[in-house]
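Residues per chain are reported as follows:
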Amino acid sequence: MNCYNCPSYPLKPIKLEHDLPARECHRCGGLHIDLLSYRSWRDNRDHNNTNQPAPSVEPSDNGKALVCRQCSKLMLKYKISTDHDNYVDLCTTCDDAWLDGGEWQLLKHLDIQDKLTHIMTEPWQRKLQEKEFEKFQQEKLLEVFGAKDLERVREFAEWVAQHEKRTDILNYLYQKSEN
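Bear in mind the structure is a predicted one, so any value in this text is a computation, not a measurement.

1. Considerations on the overall build of the protein chain
Here is step 1 of the chain: When its secondary structure is counted, the protein chain shows six helices and six strands.
Here is step 2 of the chain: Beginning at the N terminus, the succession of helices and strands in the protein chain can be written as β-β-β-α-β-β-β-α-α-α-α-α.
Here is step 3 of the chain: Whereas a compact globule of 179 residues would reach a radius of gyration of roughly 16 Å, the protein chain reaches 23 Å, over 25% beyond that.
Here is step 4 of the chain: Referenced to the eigenvectors of the C-alpha coordinate spread, the extents of the protein chain come out at roughly 70 × 35 × 30 Å.
Here is step 5 of the chain: Residues counted as buried form 32% of the 179 residues belonging to the protein chain.
Here is step 6 of the chain: Across the protein chain, every contact between residues at least 6 apart in sequence was considered, and the portion connecting residues at least 24 apart equals 51%.

2. What to know about the nonpolar core
Here is step 1 of the chain: Ranked by internal contacts, the top residues of the largest apolar core, which has 21 residues, are I33, Y38, V88, L99, W104, L107 and L116.
Here is step 2 of the chain: If you list the elements that add at least two residues to this core, you get β2 (20-24), β3 (31-34), α1 (35-44), β4 (76-81), β5 (84-91), β6 (96-99), α2 (103-109) and α3 (116-119).
Here is step 3 of the chain: For Y38, the residues in contact, after removing those within four places along its chain, are L20, I33, W104, Q113, D114, K115, L116 and T117.

3. Concerning a nonpolar patch on the surface
Here is step 1 of the chain: Together, F156, W159, L170, Y172 and L173 give the surface a local cluster of nonpolar side chains, amounting to about 510 Å² of exposed area.
Here is step 2 of the chain: Elements with a minimum of two residues in the nonpolar patch: α5 (147-162) and α6 (166-178).
Here is step 3 of the chain: Looking at which element gives the most residues to the nonpolar patch, the answer is α6, with three residues.
Here is step 4 of the chain: Positionally, L170 belongs in helix α6.

4. A look at the sheet that holds β3
Here is step 1 of the chain: The strand order across the open sheet formed by six strands is β1-β2-β3-β6-β5-β4, and the pairing between neighbours is antiparallel. The open sheet has two free edges, formed respectively by β1 (12-17) and β4, since each of these has just one partner strand. Direction aside, the axes of adjacent strands within the sheet are offset by 35° on average.
Here is step 2 of the chain: Bridge count between β3 and β6: four bridges; the pairing is antiparallel. Pairing of D34 across the sheet is with D96, part of β6.

5. Some remarks on the pattern of salt bridges
Here is step 1 of the chain: In the structure shown here, the tally under the stated rule is 10 salt bridges.
Here is step 2 of the chain: E17 serves as the salt-bridge partner of K108, at 2.9 Å between the closest nitrogen and oxygen. In this pair, K108 is assigned in helix α2 and E17 in strand β1, connecting sequence segments 91 residues apart.
Here is step 3 of the chain: A salt bridge links R45 to D114; the shortest N-O distance between them is 4.0 Å. Remark: D114 occurs in the loop between α2 and α3 and R45 occurs in the loop between α1 and β4; sequence separation between them is 69 residues.
Here is step 4 of the chain: Residues participating in the shared-partner salt-bridge network are R45, D114 and K115.

6. Things to note about the environment of V88
Here is step 1 of the chain: Looking at where V88 falls in the secondary structure, it is placed in strand β5.
Here is step 2 of the chain: The buried category is assigned to V88, whose relative accessible area is 0%.
Here is step 3 of the chain: Placed 71 residues apart in sequence, V88 and E17 show a C-alpha to C-alpha distance of 18 Å.

7. Points about the side chain of D89
Here is step 1 of the chain: Mapped onto the elements of the fold, D89 is located in strand β5.
Here is step 2 of the chain: Classification of D89 by relative accessible area gives buried; the value is 0%.
Here is step 3 of the chain: Beyond its immediate stretch of four places on either side in the chain, D89 contacts K64, L66, M75, L76, K77, D96, A97, W98 and D100.

Reading guide: rules and limits
- Once a new chain begins, its residue numbering starts again from 1 and follows that chain's sequence as written.
- Selection of residues for local features in this predicted model requires a pLDDT of at least 70, selection of side-chain atom pairs for listing and counting requires 80 or more, and totals for whole chains, interfaces and linings are taken over all residues.
- Think of the side-chain values as coming from all heavy atoms in the structure, minus any hydrogens and water.
- The secondary structure listing takes helices from DSSP runs of H or I that are at least 4 residues long and strands from runs of E that are at least 2 residues long, numbered from the N terminus.
- Each radius of gyration is computed over the set of C-alpha atoms, and the globule rule expresses the reference value as 2.2 Å times the number of residues to the power 0.38.
- Exposed residues in this analysis have more than 50% of their type's maximum accessible area, buried residues have under 20%, and partly exposed residues fall in between, with area computed by a 1.4 Å probe over protein chains only.
- What makes two residues a contact is simply this: any of their non-hydrogen atoms within 4.5 Å.
- What we call a nonpolar core is a set of buried Ala, Val, Leu, Ile, Met, Phe, Trp, Tyr and Cys residues that are connected through their side-chain atoms within 4.5 Å.
- What makes a patch is a set of residues exposed beyond 30% relative accessible area and free of salt bridges, joined within 9 Å when like-charged and within 5 Å when nonpolar (Val, Leu, Ile, Met, Phe, Trp, Tyr).
- Using a 1.4 Å probe, the Shrake-Rupley method yields the accessible areas, and only the shown protein chains count as cover for residues.
- Throughout this description, the term salt bridge denotes a Lys or Arg side-chain nitrogen within 4 Å of a carboxyl oxygen of Asp or Glu.
- Each pair of strands is called paired provided DSSP finds at least two bridges between the two strands.
- Orientation is described by lines fitted to C-alpha atoms, with helices fitted over the stretch in contact, and by angles between N-to-C directions that extend from 0 to 180 degrees.

Okay, structure coming up:
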């Protein structure tokens, strides 16, 4: 099987972790992982190895839709985290994943290497979308109010939320805004 990013380069078998076989492109560092083997590794691995150092290779993402090298079907893309523009590519037919160069190290750095199959679920992706929307909202509020006024608005909102007469306060403010 050849690389997903470098079509003329064959993938070489490697041990990604103890008891986790994978195939790697020695040109771009991309990894092909059979998810059946991955699940077996995940279920039997030593969970005490946390706090990984930052990736030694800057993770890349090809940004393109990929076609599975085994069944020729389009692979699905799943975002890894809100702080990185990296995606896991999944063939749902073959149950295989493709990680671009450095993405396995990124998963280890984020301490989610044992959550690869969770990343490819609707709840994980929804949570990322909610975080990204919240971040977008905060950026817009900062743009509208400025840092100083936004802090004052937040303090006021917190005060109102905890006040026993919050409904009366909000009604008063609404009425004042109508005038």
